[in-house]
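# Tertiary structure, described
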Amino acid sequence: MTAENLDALYQEIILDHYKNPHHAGLREPFEAEVHHVNPTCGDEITLRVHLVPAGADGWTVDDVSYDAEGCSISQAATSVMADLVIGKPLEQALGVHQEFLTLMQGRGTVEPDEDVLEDGIAFAGVARFPARVKCALLSWMAWKDATAQVVAADETTKEKS
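The model shown is predicted, which means the values in this text are computed figures rather than measured ones. (Residues numbered from 1 in each chain as written. Predicted model: local features only at pLDDT ≥ 70, side-chain atom pairs only at ≥ 80, totals over all residues. Heavy atoms only, no water.)

## Focus: the side chain of Thr-46
Definition in use: Secondary structure follows DSSP: runs of H or I at least 4 residues long count as helices, runs of E at least 2 residues long count as strands, and numbering of each begins at the N terminus. Within 3.5 Å is the distance limit for a polar contact, defined as a pair of N or O atoms, with the added protein rule that one can donate a hydrogen and the other accept it, and that residues adjacent in sequence qualify only through two side-chain atoms. Contact criterion: two residues are considered in contact whenever any of their non-hydrogen atoms come within 4.5 Å of each other.
Secondary-structure assignment places Thr-46 in strand 2 (residues 44-53). A polar atom in the side chain of Thr-46 sits 2.8 Å from the side chain of His-35. The residues touching Thr-46, leaving out its near neighbours within four places in the chain, are Leu-26, Glu-33, Val-34, His-35, Ser-65, Tyr-66 and Asp-67.

## With respect to unusual backbone geometry
Here is the rule: Only protein chains enter the accessibility calculation, which uses a 1.4 Å probe. A residue is then buried if its area is under 20% of the maximum for its type, exposed if over 50%, and partly exposed in between.
Residues Glu-28 and Pro-29 are joined by a peptide bond in cis, for which omega reads 0 degrees. Relative to the elements of secondary structure, Pro-29 occurs in the loop between helix 1 (3-19) and strand 1 (32-37). Of note in this structure, His-23 is not a glycine but carries a positive phi near 70 degrees. By secondary structure assignment, the location of His-23 is in the loop between helix 1 and strand 1. For His-23, a relative accessible area of 29% translates into the label partly exposed. Of note, Arg-107 is a non-glycine position whose phi angle comes to about 50 degrees, a positive value. Counting through the fold element by element, Arg-107 comes out in the loop between helix 3 (90-105) and helix 4 (114-117).

## Here's the deal with the sheet that holds strand 1
Counted only if it meets this: DSSP bridges decide pairing: two strands pair if at least two such bridges lie between them. Axis definition: a line fitted to C-alpha atoms, over the contacting stretch in the case of helices. Angles run 0 to 180 degrees between N-to-C directions.
Pairing is antiparallel in the open sheet, where three strands are placed in the order 1-2-3. Two strands close off the open sheet at either side, each with one partner strand: strand 1 and strand 3 (59-69). For this sheet the average axis-to-axis angle between neighbouring strands, irrespective of direction, equals 20 degrees. Alignment of strand 1 against strand 2, held across six bridges, turns out to be antiparallel. Within the sheet, the bridge partner assigned to Ala-32 lies in strand 2 and is Val-49. Taken strand by strand, helix 2 (residues 72-85) contacts strand 2 and strand 3, and its axis lies near 165 degrees from that of strand 3.

## A look at the pattern of salt bridges
A side chain of one charge can pair with a side chain of the opposite charge if their charged atoms are brought near each other. Formally: Every case where a carboxyl oxygen of Asp or Glu lies within 4 Å of a side-chain nitrogen of Lys or Arg is listed as a salt bridge.
Scanning all chains against the criterion turns up two salt bridges. With a shortest N-O distance of 2.8 Å, Arg-27 and Asp-63 are connected by a salt bridge. Here the residue Arg-27 occupies a position in the loop between helix 1 and strand 1, and Asp-63 occupies one in strand 3, the gap between them amounting to 36 residues. Given the relative accessible area of 26%, Arg-27 is considered partly exposed. You can call Asp-63 buried: its relative accessible area is 14%. Arg-48 serves as the salt-bridge partner of Glu-33, at 2.6 Å between the closest nitrogen and oxygen. With Glu-33 in strand 1 and Arg-48 in strand 2, this pair connects stretches of sequence that are 15 residues apart. What makes Glu-33 partly exposed here is its relative accessible area of 38%.

## Some points on the packing of aromatic side chains
To be explicit about the condition: A pair of Phe, Tyr and Trp rings is counted when the ring centres sit within 6.5 Å of each other, with Trp represented by its six-membered ring. The angle between the planes then sorts it: under 30 degrees is stacked, over 60 is edge-to-face, the rest tilted.
One pass over the structure, following the stated rule, counts two aromatic pairs. Here the aromatic rings of Phe-100 and Phe-123 are separated by 5.7 Å at their centres, their planes lie at 75 degrees, and the arrangement is edge-to-face. Residue Phe-100 is found in helix 3, and its partner Phe-123 is found in the loop between helix 4 and helix 5 (130-160); the two are separated by 23 residues along the sequence. Assessed through its relative accessible area of 1%, Phe-123 is described here as buried. Aromatic ring contacts, followed pair by pair, group Phe-100, Phe-123 and Trp-140 into a single cluster.

Listed below in structure tokens is the structure:
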């Protein structure tokens, strides 16, 4: 597949997630809700995360729901992020987060791992445009913030008991 064909395919994936977002709409139950804004462009997201205990293994990401406004890149990245983390153990989901972050910070030089990132590989081209990287990362940073709040609250509760 040529680079032009690959870019066209990636654009199609991004537009599909933008037009048909997965997991959109704020849902209950949830343990943490965060609101993040990209001040450079005005994109914003309110995101809820629902984690369930997974025994000694920590947590499982049971649900991610959101209400978001912004460009096609931030909207599509939110849809893809939710697809990639829901149902996974938190540690594995954090690994996917790190893989996406590495891709976005690579300025187009990082070869994405399709087995890990699935539709997230479509953002490889976005990484070449530093002004758009924040758009792609907005929901990922909100998700990481929300999960950190849940884990921190649980640790505080355990310390008090």
